[in-house]
Amino acid sequence: MTLLTGRAVTKQYGRTAALAEADVEVAAGEILAVTGPSGSGKSTLLLCLSGIVTPDSGEVWFAGARLDDRGEAARAVLRRTEIGVLLQHGQLVPELTAVENVALPLLLGGATRGSAARSAEQWLDRFGVAGEAAKRPGELSGGQQQRVALARALVTGPRLLFADEPTGSLDSVAGESVLAALVSAAKDNATAVLLITHDATVAAYADREVHLRDGRVLSGVTA
Amino acid sequence: MSTRHLLLGLLARGPQHGYELKRAHDDALPSAKPLAFGQVYATIGRLERDGLIEPAGSDRVAGPERVSYQLTHSGRTTLAEWLDAVETPAPHLGGALLEKVVVALLAADRDTATRYLVQQRAAHMARMRELIQVRQTATSVSEAAAADYTITHLDADLRWMQQTAARVDALEKEIRP
Ligand SMILES: Nc1ncnc2c1ncn2[C@@H]1O[C@H](COP(=O)(O)OP(=O)(O)O)[C@@H](O)[C@H]1O
Ligand SMILES: [Mg+2]
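The model shown is predicted, which means the values in this text are computed figures rather than measured ones. (Residues numbered from 1 in each chain as written. Chains lettered and ligands numbered in written order. Predicted model: local features only at pLDDT ≥ 70, side-chain atom pairs only at ≥ 80, totals over all residues. Heavy atoms only, no water.)

Peer 1: I keep staring at the pattern of salt bridges and nothing clicks. Help me out?
Peer 2: If the charged atoms of two oppositely charged side chains come close together, the side chains can form a pair. One pass over the full model with this rule turns up 21 salt bridges over all chains. A:Asp188 is the salt-bridge partner of A:Arg126, the closest N and O atoms lying 2.6 Å from each other. Residue A:Arg126 is found in helix H4 (residues 113-126), and its partner A:Asp188 is found in helix H6 (residues 173-188); the two are separated by 62 residues along the sequence. Taking the relative accessible area as the measure of exposure, A:Asp188 reaches 56% and is therefore exposed. Linking B:Lys100 and B:Glu87 is a salt bridge whose minimum nitrogen-to-oxygen distance equals 3.4 Å. Within this pair, whereas B:Lys100 is found in helix H5 (residues 96-107), its partner B:Glu87 is found in the loop between helix H4 (73-84) and H5, the two being separated by 13 residues in sequence. Exposure class is identical for B:Lys100 and B:Glu87. Each is buried. (Salt bridge = Lys/Arg side-chain N within 4 Å of Asp/Glu carboxyl O. Helix = DSSP H or I, 4+ residues; strand = E, 2+ residues; numbered from the N terminus. Buried < 20%, exposed > 50% of the residue type's maximum accessible area, 1.4 Å probe, protein only.)

Peer 1: In this structure, what is going on with the interface of chain B and chain A? I would like to understand it.
Peer 2: Interface size is commonly expressed as the accessible area that is lost once the parts come together. Each partner contributes residues to the interface: chain B has 14 residues there, and chain A has 23 residues. Both faces considered, chain B and chain A share a buried interface measuring about 1500 Å² in area, 57% of it formed by carbon and sulfur atoms. The three residues of chain B that bury the most area against chain A are B:Arg121, B:Arg129 and B:Gln162, which together make up 35% of that side's buried surface. The tally of links from chain B across to chain A stands at one salt bridge. Across the pair A:Glu209 and B:Arg121 runs a salt bridge whose closest N-O atoms are separated by 2.3 Å. For the pair chain B and chain A, the interface holds four residue pairs in polar contact (both at pLDDT 80 or more). Counting only elements with at least two residues in the side of chain B that touches chain A, the list comes to helix H6 (110-136) and helix H7 (141-166) of chain B. (Contact = heavy atoms within 4.5 Å. Buried area = accessible area lost by both parts, 1.4 Å probe. Polar contact = N/O pair within 3.5 Å; in protein donor to acceptor, adjacent residues only side chain to side chain.)

Peer 1: Help me understand the site of ligand 1, please; the structure alone is not making it clear to me.
Peer 2: Residues and elements named next belong to chain A. In the vicinity of ligand 1, the residues found are Tyr-13, Thr-16, Ala-18, Pro-37, Ser-38, Gly-39, Ser-40, Gly-41, Lys-42, Ser-43 and Thr-44. Contacts to ligand 1 include Gly-41, whose backbone N or O atom sits 3.1 Å from an oxygen atom. Take Lys-42: an N or O atom from its side chain is 2.9 Å from an oxygen atom of ligand 1. Protein burial of ligand 1: of its 560 Å² of free accessible surface, 57% is covered by the chains. Elements represented by at least two residues in the shell around ligand 1 include exactly strand E2 (16-27) and helix H1 (42-49). A per-class count over the shell around ligand 1 returns three nonpolar, seven polar and one charged. (Near = heavy atom within 4 Å. Areas by Shrake-Rupley, 256 points an atom, 1.4 Å probe, with all protein chains shown as cover. Nonpolar A, V, L, I, M, F, W, Y, C, P; charged D, E, K, R; others polar.)

Peer 1: What exactly am I supposed to notice about the packing of aromatic side chains here?
Peer 2: For any two aromatic rings, the description comes down to two numbers: the centre-to-centre distance and the angle of the planes. All names here are of chain B. Following the criterion strictly, the structure yields two aromatic pairs over all chains and no others. Taking the centre distance of 5.7 Å and the plane angle of 15 degrees together, the rings of Tyr-19 and Phe-37 count as stacked. Residue Tyr-19 is found in helix H2 (residues 18-28), and its partner Phe-37 is found in helix H3 (residues 37-49); the two are separated by 18 residues along the sequence. Over the ring of Phe-37 we find Lys-22; its NZ or CZ atom is 5.6 Å from the centre of that ring. Seen from the ring of Trp-82, Lys-100 lies directly overhead, with NZ or CZ sitting 4.6 Å from the centre. (Phe/Tyr/Trp six-rings, centres within 6.5 Å; stacked < 30°, edge-to-face > 60°. Lys NZ or Arg CZ within 6 Å of the ring centre and 35° of its normal.)

Peer 1: What am I meant to see in a nonpolar patch on the surface here?
Peer 2: Residue and element names in this part refer to chain B. The grouping of Tyr-19, Phe-37 and Tyr-41 at the surface amounts to a nonpolar patch, some 300 Å² of accessible area in total. In this fold, Tyr-41 is placed in helix H3. Using a relative accessible area of 45% as the deciding quantity, one classes Tyr-41 as partly exposed. (Patch = residues over 30% accessible without salt bridge, like charges linked within 9 Å, V, L, I, M, F, W, Y side chains within 5 Å.)

Peer 1: In this structure, what is going on with the sheet that holds strand E1 (residues 16-17) of chain B? I would like to understand it.
Peer 2: Sheet strands pair by backbone hydrogen bonding; their relative direction is either parallel or antiparallel. Residue and element names in this part refer to chain B. One open sheet holds the three strands; their spatial order is E1-E3-E2, and the pairing between them is antiparallel. The open sheet has two edge strands, E1 and strand E2 (53-59), and neither has a second partner. One ladder, built from six bridges, connects E2 with strand E3 (residues 66-71); its direction is antiparallel. Bridge assignment links Pro-55 to a residue of E3, and that residue is Tyr-69. Of the strands in this sheet, E1, E2 and E3 touch helix H1 (residues 3-11), which is tilted by about 90 degrees from E3. The sheet contacts of H3 involve E2 and E3, and relative to E2 the element is tilted by about 125 degrees. (Pairing = 2+ DSSP bridges. Axes fitted to C-alpha atoms, helices over the stretch in contact; angles between N-to-C directions.)

Peer 1: Just checking my understanding: could you explain the sheet that holds strand E9 (residues 208-213) of chain A for this structure?
Peer 2: Residue and element names in this part refer to chain A. The strand order E6-E7-E8-E3-E9-E10 describes an open sheet built from six strands, whose pairing is mixed. Strands at the two margins of the open sheet, each flanked by one partner only, are strand E6 (83-86) and strand E10 (216-218). For this sheet the average axis-to-axis angle between neighbouring strands, irrespective of direction, equals 20 degrees. The pairing of E6 with strand E7 (residues 160-164) spans four bridges and is classified as parallel. Paired with Leu-86 across the bridge in E7 is Ala-163. Across the sheet, helix H5 (residues 142-154) touches E6 and E7, and the angle it forms with E6 is around 165 degrees.

If you want it as C-alpha cells, here you go:
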C-alpha cells in the first residue's frame with residue numbers, strides 16, 4: 001500500500017530550481033533512501049513532502065488524502081501524530097532534559113506525565129542513551145543528541161518518519177549502531193522512513209533508493 | 001587496466017594502426033602508464049586471433065608497412081556487451097571502473113557512460129545490502145570486521161562513481177576534444 005506520493009513536486013528558490021518535478025512514492029512500512037550530492041534538493045524534497053514547505057506546483061498525498069493544500073494548522077497536527085520529522089540539525093529544546101525532550105510530543109498530544117516519561121525512557125533505552133536521560137542537550141555529545149532526537153521523532157509511533165541525515169556520516173561504529181537501531185525500530189513499529197543521506201553505506205540500510213541530481217529524480221537508480 | 005577493451009573502444013571510432021592506437025590510448029588516459037609498443041602489438045595479435053578486429057588496409061609512407069585495423073561485427077558485439085555489464089562489486093576493482101567510463105565515452109557517448117555508472121551503482125548497492133545483513137547477523141567480531149572491510153571499499157567506489165557521474169561532461173570533452 002502506498003503511504004506517501006509526491007507527484008511532479010517543484011520548488012524554486014529565486015533562480016535555483018531546488019526541486020524539478022520530482023516523483024516519489026513510499027509504501028507503508030518501507031524504508032526509502034533519498035541520496036544525491038550536496039545541493040541536489042534532498043532537504044527541499046523532505047520539506048515539501050512533510051508539509052513544512054508548500055511546493056510551487058505538484059501534489060503531495062499522504063494516506064490517501066492531499067497534504068500540500070491543507071492549512072498550516074492541519075499539517076502541524078499531522079506532524080505531531082502520524083508524521084515524524086527529524087531535521088538535519090537535531091533541534092532539541094536546550095532547556096529540557098533528554099527524557100523531557102522525548103516526552104514532549106506525547107505531552108502535547110495529551111498523555112499523562114507518568115506514561116509520557118515511561119515511553120520516553122523506553123525509547124532512550126532503545127537508542128542506547130538511557131544513561132543520559134537527565135542531561136540537557138548541551139551536556140550531550142553530537143551523536144547522543146542525534147539518538148535523543150531520533151527517540152523523540154519516533155515516540156508518538158508515526159506511520160512515516162522523515163529523517164534528514166540522521167547519522168551524519170557513518171565513519172564510526174557508533175553511527176552504524178544508531179542506524180541499525182533506527183531500522184529495527186522502524187521495522188518493529190511498521191513505520192515507513194524517508195531517509196535522506198549523501199552516504200551510500202547509509203542508503204544501503206534502506207529497502208530502496210532514489211537518487212537526486214540537480215533537483216531531479218534520476219531514473220534508473222531504483223534498486 | 002584491460003588494454004584489450006581500451007583498444008576495442010578506440011577502434012570503435014574508426015580504423016587505426018598500432019602507433020595511432022598507442023598515442024590515442026596515452027591521450028585518453030593520461031593518468032595511466034604509457035602503453036608500450038610491444039603491448040599494443042601483442043594485444044592487436046590476440047584481438048585479431050579472436051576475430052574481434054581485422055586488417056583494414058596498409059600503407060607505407062616511409063619505413064615499414066603499417067597495417068590499420070577495424071572492429072569486426074563480433075568485436076562490436078563484444079564491446080557493447082562489455083559496456084552493458086557491471087563489474088562484480090568487490091574490493092580492489094582498481095582502474096576497472098574508470099576504464100569502463102572512458103571506453104564508454106570513446107566508443108559511444110556520455111549517456112552510455114552515465115547508464116553504466118547508474119547500473120554499477122545499483123550493483124554495488126545490492127552487494128552493500130547483503131554485506132550489511134552479514135554484519136548484522138555476524139556471530140564474531142572477525143566476521144563483522146571482514147564484512148566491514150568490503151563495505152568500506154565499496155563505499156569508496158560509490159563515492160567515486162558519484163563524483164565521476166557529476167563530471168562526465170567534462171571528462172568527455174577531455175577525452176574527445
Ligand atoms: N531557503 C532557501 N533559500 C534559497 N535557496 C535554497 C534554500 N533552500 C535550498 N536552497 C537551494 O536549493 C538547492 C537544493 O538545496 P537542498 O535541498 O538543501 O539540497 P541538499 O539537501 O541535497 O544538500 C541548493 O542549490 C540550495 O542552495
Ligand atoms: Mg540537506
